[in-house]
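Examining the three-dimensional arrangement
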Amino acid sequence: MRKIIIFIILILISFDITSAYTPTQNENNLLLKLKQNTIEKTKTKWELWLKRQIIWLEKSYKKSNNDRIKYLLNVIIQNNNNILNDIQTERIQREQIEQRENLERLEKEKKEKIESENRYIWNASDFFNTHWKDITTSLEVNEKCTKYFDFVDNIARENNFPTELIIATWSIEFNCNLSNPNNWWWPFQITSHYYKPWEITLEQFSQSIQDFIDFSKWKWNYFNTNTYVDYKSRFWTENISISYDNYSLRDLRLHSILYNGIRSDTTLDKNTFTNTNLNSEVVWEFDWLVTRFLKILNWRIQKN
C-alpha cells in the first residue's frame with residue numbers, strides 16, 4: 001500500500017496548488033481503488049497493520065505543505081479510519097454475540113445441571129430411605145469430606161461415576177486429607193500407584209481422583225469379562241453396572257470387595273470392608289464403604 005501512496009504523492013508533487021483542492025475523477029477512482037486494496041489487505045494483516053499505516057500517513061500529512069497532497073492524504077486517512085472503525089465495530093459485535101451465546105450456554109448448562117441434580121436427589125432419596133434404617137452409627141459426616149464436594153462432583157459427572165463413592169473411599173483410606181500419605185500409596189491407597197508424600201493441591205488431587213476412577217472401572221470390567229477367574233458365578237452372574245446417578249446396593253458391595261480384595265469366603269452381606277455398621281450383624285469402631293456412601297448421600301440430600 002505504501003508504494004501506491006508514494007506513487008500518488010509523486011504525481012501530485014508536480015502541481016503547485018495554493019487554494020482549496022477539488023480532486024479529479026481519475027484521483028477519486030484511484031482513492032477508491034486504494035480503499036478497496038486496504039480493505040483486502042486488512043483481512044490478512046489485521047488491525048495492528050492498519051493502525052501503523054494510519055500513523056505513517058498522519059506523519060506524512062503533517063510534513064506536507066501542498067494542499068493537493070494534504071487533501072488526498074486526508075481522504076486516505078479518513079478512509080482507513082473508517083475501515084478500522086468498521087473492523088472494530090464488527091469485532092465488538094462478534095464478541096457481544098459470542099458473549100451472549102456463552103451466557104445462554106452457561107444458563108442452559110446450569111438449568112440442565114439443576115434439573116439433573118433434582119432428578120438425582122429424587123432417586124437418591126429413594127435409595128437412601130431403602131437402605132439406611134439399619135445403620136448402627138450416627139449419620140454425621142466429617143466436614144473435611146464435604147469441603148470439596150462440588151470439586152469432586154464435577155470430576156465425577158465428567159466420568160459418569162458416583163461422587164459419593166469417591167468421597168467414601170477417600171474417607172476410609174485417608175480420612176479425607178488433602179495430601180499424600182507417608183506410605184506412598186496416595187489418598188486412595190492403591191498399591192499399584194505411587195505418589196510422593198506431601199501436601200497436594202486440588203489440581204493434583206484431581207489426578208488422584210481420575211486414577212481412582214480408572215482403576216475402579218478396570219476392576220468392574222475385569223469382573224464383567226474375565227472367564228478365567230469367574231467371580232460372576234459367585235455373585236448372581238449379572239454385570240456390575242455403576243454410573244453417576246444409577247447403582248444398586250449389590251453393585252456397590254461388589255465394587256467394595258473388588259477394591260479391597262476377594263477371598264474364598266467373601267460374601268456380599270458379611271464382608272466387613274463393605275458392610276461394617278450398615279447393620280447390627282457387622283459392627284466395628286469405624287464405618288466402612290457402603291455405610292459411608294449412604295451417609296454422604298444423605299448429606300447431599302439434606303444440602304439440596
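Residues numbered from 1 in each chain as written. Predicted model: local features only at pLDDT ≥ 70, side-chain atom pairs only at ≥ 80, totals over all residues. Heavy atoms only, no water.

Of the regular secondary structure elements, the protein holds 10 helices and two strands. N-terminal to C-terminal, the α/β element order of the protein is α-α-α-α-α-α-β-β-α-α-α-α. Rg of the C-alpha trace for the protein: 35 Å, well past the compact-globule value of 19 Å for 304 residues, more than 25% over. Within the span of the protein, comprising 304 residues, buried residues form 43% of the whole. In the protein, the proportion of contacts linking residues at least 24 apart, taken out of those at least 6 apart, comes to 59%. In the form shown here, the protein has an accessible surface area of approximately 18,300 Å², with 50% of it arising from carbon and sulfur atoms. Charge separation in the protein, taken as the distance between the mean sites of 40 positive and 39 negative side-chain charges, equals 9 Å. (Helix = DSSP H or I, 4+ residues; strand = E, 2+ residues; numbered from the N terminus. Rg over C-alpha atoms; globule rule 2.2 N^0.38 Å. Buried < 20%, exposed > 50% of the residue type's maximum accessible area, 1.4 Å probe, protein only. Contact = heavy atoms within 4.5 Å. Areas by Shrake-Rupley, 256 points an atom, 1.4 Å probe, with all protein chains shown as cover. Lys, Arg positive; Asp, Glu negative; His and termini not counted. Charge placed at Lys NZ, Arg CZ, Asp CG, Glu CD.)

The biggest cluster of nonpolar side chains holds 52 residues, and the ones touching the most others in it are Ile 166, Phe 188 and Leu 297. Looking at this core, the elements with two or more residues in it are α3 (67-131), α5 (149-159), α6 (163-174), α7 (202-225), α8 (249-260) and α10 (289-303). Sequence-distant contacts of Leu 297, defined by excluding residues within four places in its chain, comprise Tyr 120, Ala 124, Phe 127, Phe 128, Glu 164 and Tyr 247. (Core = buried A, V, L, I, M, F, W, Y, C linked by side-chain atoms within 4.5 Å.)

This structure, assessed with the given rule, holds one disulfide. Each sulfur in the disulfide pair Cys 145 and Cys 176 lies 2.0 Å from the other. With the S-S dihedral at roughly 105°, the linkage between Cys 145 and Cys 176 falls on the right-handed side. A residue pair is termed long-range when its members are at least 10 positions apart, and Cys 145 in helix α4 (residues 143-146) and Cys 176 in the loop between α6 and β1 (179-180) qualify at 31 residues. Neither Cys 145 nor Cys 176 differs from the other in exposure class; each is buried. (Disulfide = S-S within 2.5 Å.)

Let's shift gears to the packing of aromatic side chains. Per the counting criterion, the structure on display carries 17 aromatic pairs. Arranged with centres 5.9 Å apart and planes meeting at 65°, the rings of Tyr 21 and Tyr 71 form a pair that is edge-to-face. Highlighted residues: Tyr 21 in the loop between α1 (2-13) and α2 (25-63) and Tyr 71 in helix α3, separated in sequence by 50 residues. In this structure Tyr 71 comes out as partly exposed when scored by relative accessible area, which is 30%. Considering the side-chain rings of Phe 161 and Phe 212, the 5.7 Å spacing of their centres and the 80° angle between planes classify their relative orientation as edge-to-face. Note that Phe 161 is positioned in the loop between α5 and α6 and Phe 212 in helix α7, a separation of 51 residues in sequence. Among the aromatic residues, those joined into a ring-pair cluster are Phe 161, Phe 212, Phe 215, Trp 220, Tyr 259, Phe 273, Trp 284, Phe 286 and Trp 288. One Lys or Arg, Lys 70, reaches over the ring of Tyr 61 and ends 3.8 Å from the middle of that ring. (Phe/Tyr/Trp six-rings, centres within 6.5 Å; stacked < 30°, edge-to-face > 60°. Lys NZ or Arg CZ within 6 Å of the ring centre and 35° of its normal.)

As a further point, take the pattern of salt bridges. Within the structure shown, the criterion is met by 14 salt bridges. The partner of Asp 269 in a salt bridge is Arg 253, and the shortest N-O contact between them spans 2.9 Å. Here the residue Asp 269 occupies a position in the loop between α8 and α9 (272-275), and Arg 253 occupies one in helix α8, the gap between them amounting to 16 residues. When its relative accessible area of 11% is taken as the criterion, Arg 253 is described as buried. Taken together, the shared-partner salt bridges in this structure form one network comprising Asp 153, Arg 157, Glu 164 and Arg 300. (Salt bridge = Lys/Arg side-chain N within 4 Å of Asp/Glu carboxyl O.)

By the element assignment, Arg 68 lies in helix α3. According to the relative accessible area criterion, Arg 68 is buried, its value standing at 5%. Side chain to side chain, Arg 68 and Tyr 21 meet in a polar contact 2.7 Å long. (Polar contact = N/O pair within 3.5 Å; in protein donor to acceptor, adjacent residues only side chain to side chain.)

Time to look at unusual backbone geometry. A positive phi angle is found at Trp 46, which is not glycine, with a value near 70°. In this structure, Trp 46 sits in helix α2. Positive phi outside glycine occurs at Asn 160, with the angle close to 50°. Within the fold, Asn 160 resides in the loop between α5 and α6.

This part covers α3. Between its first and last C-alpha, α3 extends 93 Å over 65 residues, near the 96 Å set by a 1.5 Å rise per residue. Capping the start of α3 is the job of one residue whose side-chain oxygen sits 2.8 Å from the backbone nitrogen of Arg 68: Asn 66. (Expected span 1.5 Å × (residues − 1).)

Once that is clear, we can look at the environment of Arg 52. Relative to the elements of secondary structure, Arg 52 occurs in helix α2. We classify Arg 52 as exposed; its relative accessible area is 52%.

Burial in α5 covers these residues: Phe 149, Val 152, Asp 153, Ile 155, Ala 156 and Asn 159. Along the long axis of α5, the arc covered by the buried residues comes to 165°, so they all point the same way. Its buried side turned inward, α5 meets α3, α4, α6, α7 and α10. Just past α5, the residue Asn 160 takes up positive phi, approximately 50°. (Arc of directions from axis to C-beta.)

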